[in-house]
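Structural overview for review
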Amino acid sequence: MAKPNTHDFASKRHNSFHWTTKVGSDENDDVSSHNPLPDRTKPVPKHNPSSSSVITHKKKLQTFAVSRLRSVISSLSRARPGNNNSGLGSRVVGTLFGSRRGHVHFSVQKDPTSPPAFLIELATPISGLVKEMASGLVRIALECDKAKEVAKEENGDRRPRRLVEEPAWRTYCNGKKCGFAARRECGEKEKKVLKALEMVSMGAGVLPETEETSVGGGGGGGEIMYMRAKFERIVGSRDSEAFYMMNPDSNGAPELSIYLLRI
């Protein structure tokens, strides 16, 4: 049997030893000037237990953050169809009405016989809205300022104002500013109009105007035009809601969408 070449083995071992020493000294050049080591021949450990624990801790935090984000998104998705505070669900009855030469009123009801949970008067003439809807899709955005939000007393507890309780809104129709809108209480005239439409589940038409049913901020504006439909209500947050008119054939984009935004 051939004997191993001890000279070659010693040479390899010597080279390996000096390579390790060189790597260790290169990695510690900057540190050695401030914290010199008594023995430069000791190799720097490749694995630092403290750094491994830090990496493990970061991974745990990332996993927790992802899990938390998923749970928040899931809870938001479950909350979108309705808002128990306003008494409305994910399907509501929306009615646009007003005198021919008057302003548009928009009413949101839980069902045709219930009192309106949200009633506003827009500065837009109802004749102008009819023309807009005849030309294509209509998007109405109502914006109010979050800074004007005022806490109210309810059952001894202070609570923030709900979105549908905001008194004034800036109005945009298909991206164009068109004045302001104001929240209205349902008076006797508005009640009579909604009462006359109780049997109407969906559709548009004209009601003969009487002294009792005259509405629309113009007085004596002639017949009352109306349009009623089912709307899908989407709650994005306590500062955003949307109402999408549901088409009977369930095809295509909604012809009318109304957005409430508190910014």
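What you see is a predicted model; the values in this text were computed from it and never measured. (Residues numbered from 1 in each chain as written. Predicted model: local features only at pLDDT ≥ 70, side-chain atom pairs only at ≥ 80, totals over all residues. Heavy atoms only, no water.)

**So, the packing of aromatic side chains**
All chains considered together, the criterion is met by four aromatic pairs. When the ring of phenylalanine 106 is compared with that of phenylalanine 243, the centres are 6.3 Å apart and the planes differ by 70°; the resulting orientation is edge-to-face. Of the two residues, phenylalanine 106 is situated in strand 2 (residues 103-109) and phenylalanine 243 in strand 11 (residues 240-245); the sequence distance between them amounts to 137 residues. You can call phenylalanine 106 buried: its relative accessible area is 1%. (Phe/Tyr/Trp six-rings, centres within 6.5 Å; stacked < 30°, edge-to-face > 60°. Helix = DSSP H or I, 4+ residues; strand = E, 2+ residues; numbered from the N terminus. Buried < 20%, exposed > 50% of the residue type's maximum accessible area, 1.4 Å probe, protein only.)

**A few points about the confidence of the model for the protein**
Mean pLDDT over the protein works out to 74, with 57% of the residues at or above the 70 mark. Predicted confidence for residues 6-38 stays below pLDDT 50, and this span has nine contacts to residues more than four positions away or in other chains. Note that residues 72-84 has pLDDT below 50 and, in this model, 16 contacts with residues that lie over four places away or in other chains. (pLDDT = per-residue confidence, 0-100. Contact = heavy atoms within 4.5 Å.)

**Notes on the pattern of salt bridges**
Taken as a whole, this structure holds 15 salt bridges when the rule is applied. Here glutamate 132 ties to lysine 176 by a salt bridge, and the two come within 3.8 Å at their closest N and O atoms. Here glutamate 132, found in helix 4 (residues 126-135), pairs with lysine 176, found in strand 8 (residues 176-183); they are 44 residues apart in sequence, far enough to count as distant. Given a relative accessible area of 22%, glutamate 132 falls into the partly exposed group. The shortest N-O distance in the salt bridge between arginine 262 and glutamate 166 comes to 2.8 Å. Here arginine 262 is found in strand 12 (residues 256-262), whereas its partner glutamate 166 is found in the loop between strand 6 (157-159) and strand 7 (168-173), with 96 residues between them in sequence. (Salt bridge = Lys/Arg side-chain N within 4 Å of Asp/Glu carboxyl O.)

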